[in-house]
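# A closer look at the structure
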Amino acid sequence: MFITFLKFSDNRAAAPDFMAAHNDWIAQGFADGKFLCVGSLKPAAGGAILSHGESRTALDARLAADPFVVHGIVTAETHEIDAKRAIPALDFLKAPA
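Here's what I pulled together on the structure shown here. (Residues numbered from 1 in each chain as written. Predicted model: local features only at pLDDT ≥ 70, side-chain atom pairs only at ≥ 80, totals over all residues. Heavy atoms only, no water.)

Relative to the assigned elements, E54 resides in the loop between β3 (46–51) and α2 (56–64). There is a polar contact of 2.9 Å between the side chain of E54 and the side chain of R62. Not counting the four nearest positions on each side in its chain, E54 is found in contact with F2, K34, L59 and R62. (Helix = DSSP H or I, 4+ residues; strand = E, 2+ residues; numbered from the N terminus. Polar contact = N/O pair within 3.5 Å; in protein donor to acceptor, adjacent residues only side chain to side chain. Contact = heavy atoms within 4.5 Å.)

Attention shifts here to the packing of aromatic side chains. Counted under the stated rule, the structure contains two aromatic pairs. With a centroid separation of 5.4 Å and an interplanar angle of 65°, the aromatic rings of W25 and F35 are classed as edge-to-face. Here W25 is found in helix α1 (residues 15–31), whereas its partner F35 is found in strand β2 (residues 35–41), with ten residues between them in sequence. Both residues of the pair, W25 and F35, belong to the buried class. An aromatic cluster of three or more residues is present, and its members are W25, F30 and F35. Sitting over the face of the ring of F5, K7 holds its NZ or CZ atom 6.0 Å from the ring centroid. In this structure, R62 is placed above the aromatic ring of F35, and the distance from its NZ or CZ to the ring centre is 5.8 Å. (Phe/Tyr/Trp six-rings, centres within 6.5 Å; stacked < 30°, edge-to-face > 60°. Buried < 20%, exposed > 50% of the residue type's maximum accessible area, 1.4 Å probe, protein only. Lys NZ or Arg CZ within 6 Å of the ring centre and 35° of its normal.)

Put into structure tokens, the structure is as follows:
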């Protein structure tokens, strides 16, 4: 499982120009079954994505295609989480023993 922080950069003012494309990109991540949760970093610092089900290489390629990343609106910082404990509904996130 990965958590990615999309932090606004100096080109933040261009976000409205690419918001529709960014939202389409997010929708595709959900449609592909790779995104579990997406939300905003508060206060207005960017966004975060919880993802699962693809390799780090594949995730990095997916992130590189985000219009916000392509146009330098955000920078992406990804961390891998090796889940050891979870509520039963999230057991699928735990790495096999």
